[in-house]
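Spelled out, the chains give:
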Amino acid sequence: MTIGIALSPFALDATDNAVDAAVALGEEVAAAGLSSLWFGQTFTSDAIALATMVGRAVPELEVGTSAVPITARHPLLIAGQAQTAQAATHGRFTLGLGLGAKSLAESAFGGSFDRPITRLREFLTALRTVLHTGAVDFHGETLTAAPPLPAAVAGARPPVPVLVAAMGPQVLRATGELADGTLPFLVSPKALAQHIVAPIIAAAERASRPSPRITVLVPGVVTADVDAARAAAAAQTAFYDDIPSYARIIELSGASRAADLVVIGAEEMIAARVEEYFAAGATDVVFSQTDLTTPEDQRRTWQVLGELRRSHAN
């Protein structure tokens, strides 16, 4: 069981230098006693590159992406980046991938978002082959991956773990069969157990795969200014209300909107919710949106989570 933090790319974009800020925050996260740091992907800084540099600079942390959309990306290029990150961090990098949002993908890159499950399956098949063997000869319906030269990166061992931000039944099935685990976000503990953990474990078992890693991202912050935090949470998470996969899991969680799943309040509330997620089957709990209020609240949240992580370790 590990407890980590996901950094907002928007927060890094607001600094003078996103890379310097990421490294400095990584040092603070490690000092707070947390075990992992995760980077989201937008259209600015590259999440895999940030994870590589922070993981290299802060050897106490596992680093990962949460998550890089596969839209407009090729598994050979992602494999090269991920293996480089794994070599740079000496085995402390985890690659988190996602399908991405249809509205963003089509407006930004053009083309169509058709057949996302087929593309995900083919992407994972080609990617994992490269990560585990250093070569691939894959010819699918949505992509080809057949490099004429070796594709292994020296020092990229063990093979990079691949997690997928999976919440819908078809994506969970593909993830259980072809990846190492999942990165769900905006899901209650009860819905996590019933609608994420149970189906992905069943899919992995049918494919004779190891038990998957369940790295759940939980938005929340320790704060006394609950009203300000709730207003900020509503603004930051409203985007997810209109994405079908998120809207489904939010409803299954018994919530009417994404903001209802943000954990806001005292230290005891945060600690209790972490325990609920572990009891529901999470292997890792990663807090996001810890910057909803003040820097002091954010640091206090990290400290509380670090203390909880140390108590689990003991």
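Above this text sits the structure in question.
What you are looking at is a predicted structure, and each value in this text was computed from that prediction instead of being measured.

Student: I would appreciate a short explanation of the overall build of the protein chain in the present structure.
Tutor: Each helix and strand in the protein chain was counted, giving 12 helices and 12 strands. Principal-axis analysis of the C-alpha atoms places the extent of the protein chain at approximately 60 × 40 × 40 Å. Counting only residues that meet the buried cut, the protein chain has 52% of its 314 residues in that class. Partitioning the contacts of the protein chain with sequence separation of at least 6, the portion at a separation of at least 24 is 75%.

Student: Hey, could you run me through the pairing of strand β2 (residues 36–39) in this one?
Tutor: Each regular strand shows side chains that alternate between the opposite faces of the sheet. Residue alternation in β2 divides its side chains into two sets, Ser36 and Trp38 and Leu37 and Phe39, and both sets are buried. Here β2 runs beside strand β3 (residues 62–65); their pairing, made up of 4 bridges, is parallel. Across the sheet, Ser36 pairs through a bridge with Glu62, a residue of β3. Each parallel crossover has a hand, and for β2 linked through helix α3 (residues 47–57) to β3 it is right-handed.

Student: What is the right way to read unusual backbone geometry from this model?
Tutor: Most peptide bonds take the trans form, and the phi angle of most residues other than glycine is negative. In this structure, Ala67 follows Ser66 across a cis peptide bond, with omega equal to 5 degrees. Mapping Ala67 onto the fold places it in the loop between β3 and β4 (68–69). Residue Pro158 is reached from Arg157 by a cis peptide bond, and omega for that bond is -5 degrees. With respect to the element layout, Pro158 can be found in the loop between β7 (144–145) and β8 (162–164). Despite not being glycine, Ser208 shows a phi value in the positive range, around 55 degrees. Of note, Ser208 is situated in the loop between α8 (189–206) and β10 (213–222). Owing to a relative accessible area of 69%, Ser208 belongs among the exposed residues under this scheme. In this model, Gln289 sits at a positive phi of 55 degrees, which is unusual for a non-glycine residue. You can see Gln289 is positioned in the loop between β12 (284–288) and α12 (295–313). Look at Gln289 and you get buried, because its relative accessible area is 15%.

Student: For this particular structure, what's the right way to read α8?
Tutor: Within an α-helix, residues lying three or four positions from one another point in the same direction, as the helix has 3.6 residues per turn. Relative to the 26 Å expected for 18 residues at 1.5 Å per residue, α8 spans 24 Å between its end C-alpha atoms, a close match to the ideal helical length. Regarding α8, the residues found buried are Pro189, Ala191, Leu192, Ile196, Val197, Ile200, Ala203 and Ala204. Of the surrounding elements, those touching the buried residues of α8 are α7 (169–178), β9 (181–182), β10, α10 (244–252) and α11 (267–279). Looking one or two places after α8, you find Ser208, whose phi comes out positive at around 55 degrees.

Student: For this particular structure, what's the right way to read a nonpolar patch on the surface?
Tutor: On the surface, a nonpolar cluster with roughly 400 Å² of combined accessible area is contributed by Phe43, Leu104, Phe109 and Phe239. Within the element layout of this structure, Phe109 appears in helix α5 (residues 102–109).

Student: Would you mind going over the environment of Phe278 with me for this structure?
Tutor: Topologically, Phe278 is positioned in helix α11. It is 23 Å that separates the C-alpha atoms of Phe278 and Thr237, two residues lying 41 residues apart in sequence. Discounting chain neighbours no more than four positions away, the residues touching Phe278 are Met1, Thr2, Ile3, Thr283, Asp284, Val285 and His312.

Student: Quick question: what am I supposed to make of the side chain of Ser253 here?
Tutor: If you trace the backbone, Ser253 turns up in the loop between α10 and β11 (263–265). Polar contacts involving the side chain of Ser253 include one to the main-chain amide nitrogen of Ser188, which spans 2.9 Å. With residues up to four places along the chain from it excluded, the contact list for Ser253 reads Leu186, Val187, Ser188, Ala191 and Leu261.

Student: How should I be thinking about the packing of aromatic side chains in this particular structure?
Tutor: Aromatic ring pairs are reported here in terms of the distance separating the ring centres and the angle at which the planes meet. If you walk through the whole model with that rule in mind, you get 4 aromatic pairs. When the ring of Phe185 is compared with that of Tyr246, the centres are 6.3 Å apart and the planes differ by 80 degrees; the resulting orientation is edge-to-face. With a gap of 61 residues between them, Phe185 in the loop between β9 and α8 and Tyr246 in helix α10 connect regions that are remote in the sequence. The class of Tyr246 is buried, set by a relative accessible area of 14%. Taken together, the ring pairs connect Phe185, Phe239, Tyr240 and Tyr246 into an aromatic cluster.

Student: I'm lost on the environment of Ala202 in this one. Help?
Tutor: Here Ala202 lies in helix α8. Between the alpha carbons of Ala202 and Arg173 there is a distance of 8.4 Å; along the sequence they are 29 residues apart.

Student: Just to check I follow, could you spell out the packing of helix α6 (residues 116–133) against α7 for this structure?
Tutor: When two helices pack together, their arrangement is captured by the angle between the axes and the distance separating the axes. Contact geometry for α6 and α7: axes closest at 10 Å, N-to-C directions at 15 degrees. With respect to α7, the axis of α6 lies roughly parallel. The interaxial crossing formed by α6 with α7 has right-handed handedness. Contacts from Ile117, Leu120, Arg121, Leu124, Thr125 and Arg128 in α6 reach Gln170, Val171, Arg173, Ala174, Glu177 and Leu178 in α7. Residue classes in the contact of α6 with α7 are distributed as 6 nonpolar, 2 polar and 4 charged.

Basis of the calculations
Residues numbered from 1 in each chain as written. Predicted model: local features only at pLDDT ≥ 70, side-chain atom pairs only at ≥ 80, totals over all residues. Heavy atoms only, no water. Helix = DSSP H or I, 4+ residues; strand = E, 2+ residues; numbered from the N terminus. Buried < 20%, exposed > 50% of the residue type's maximum accessible area, 1.4 Å probe, protein only. Contact = heavy atoms within 4.5 Å. Pairing = 2+ DSSP bridges. Right-handed = clockwise from strand over helix to strand, strands pointing away. Expected span 1.5 Å × (residues − 1). Patch = residues over 30% accessible without salt bridge, like charges linked within 9 Å, V, L, I, M, F, W, Y side chains within 5 Å. Areas by Shrake-Rupley, 256 points an atom, 1.4 Å probe, with all protein chains shown as cover. Salt bridge = Lys/Arg side-chain N within 4 Å of Asp/Glu carboxyl O. Polar contact = N/O pair within 3.5 Å; in protein donor to acceptor, adjacent residues only side chain to side chain. Phe/Tyr/Trp six-rings, centres within 6.5 Å; stacked < 30°, edge-to-face > 60°. Axes fitted to C-alpha atoms, helices over the stretch in contact; angles between N-to-C directions. Parallel < 35°, antiparallel > 145°, perpendicular 65-115°, else oblique. Left-handed = near helix turned anticlockwise from the far one by under 90°. Nonpolar A, V, L, I, M, F, W, Y, C, P; charged D, E, K, R; others polar.

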